[in-house]
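Chain by chain, the residues:
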Amino acid sequence: MDGAAQNGDQLEKALVRVSETYEGRPGDIARGRELARDFLTRLRAERHVPVSDRTVDVVQLVVSELLTNACKYAPGPSLVDLVVAEDRVEVSVWDSDPVLPVPEASDPARIGRHGLEIVMAVCETFDVRREPVGKRTTAAVPLAGEPGTTRGRTA
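These notes cover the structure that comes with them.

Calculation rules
- All residue numbers refer to position in the chain's written sequence, counted from 1.
- Note on the predicted model: pLDDT of at least 70 is required for a residue's local features to be given, and 80 or more for side-chain atom pairs to be given and counted; whole-chain, interface and lining totals, by contrast, use all residues.
- Only hydrogens and water are set aside; all other atoms, that is, all heavy atoms of the structure, feed into the side-chain values.
- Two strands make a pair as long as DSSP finds a minimum of two bridges between them.
- Helix and strand definitions follow DSSP, with helices as H or I runs of at least four residues and strands as E runs of at least two, each counted in order from the N terminus.
- Salt bridges, as used here, are contacts in which a Lys or Arg side-chain nitrogen is within 4 Å of a carboxyl oxygen on Asp or Glu.
- To sort residues, take the accessible area from a 1.4 Å probe on protein chains only and compare it with the maximum for the residue type: under 20% means buried, over 50% means exposed, and anything in between is partly exposed.

A closer look at the pairing of strand S4 (residues 125-130)
- Where S4 lies against strand S5 (residues 135-142), 6 bridges are found, and the strand directions are antiparallel. Residue pairing in the sheet places Thr 125 in a bridge with Ala 140 of S5.
- Connecting S4 to the antiparallel partner S5 that follows it, the hairpin turn spans 4 residues, and Gly 134 within it adopts a positive phi of roughly 80°.

Shown next as structure tokens:
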């Protein structure tokens with residue numbers, strides 16, 4: 001394979017996936033939202049992927065909520081992965097806490113602790129899995145159009 005083809009393959013891979021680690025410092029959640037916004041903007045501009053404005057907003061919200069939970073409840077670093085898979089963006093956040101989150105019953109009078117409830121409402125799918133260290137929470141958002149019914153699973 002020639003160098004130009006290899007560079008094209010590397011560029012394509014770089015544009016369909018992005019990852020970043022965070023340490024739970026002030027500003028990490030804002031940096032996570034910026035990562036999501038920049039990634040989706042690049043997909044639109046450089047790869048001409050049809051990403052709706054709603055998707056950009058929802059992915060930023062999902063990153064914000066999942067990263068907030070990781071920073072708040074898990075000691076140590078966390079990792080955000082954004083991957084384009086077919087017609088959706090998969091947002092995945094790994095953290096070091098093995099305790100799986102449990103969504104609370106909807107309660108409009110409750111102050112706070114609505115993040116998981118929000119993520120499950122706006123995403124097409126939601127999944128949490130234990131890993132050898134910690135857990136990985138993954139949510140999928142359609143690239144274009146409206147999200148479908150959440151099909152969540154906790155393992």
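Back to the write-up after that little detour.
Quick look at the pattern of salt bridges
- Tallied over the entire structure, the rule returns 9 salt bridges.
- Two residues, Arg 88 and Glu 90, come together in a salt bridge whose shortest N-O distance is 3.1 Å.
- The closest approach of N and O atoms between Asp 95 and Lys 135, which form a salt bridge, is 2.8 Å. Placement of the pair is Asp 95 in strand S3 (residues 88-95) and Lys 135 in strand S5, with a sequence separation of 40 residues.
- You can call Asp 95 buried: its relative accessible area is 5%.
- Via salt bridges that share partners, Glu 86, Asp 87, Arg 88 and Glu 90 belong to a single interconnected network.

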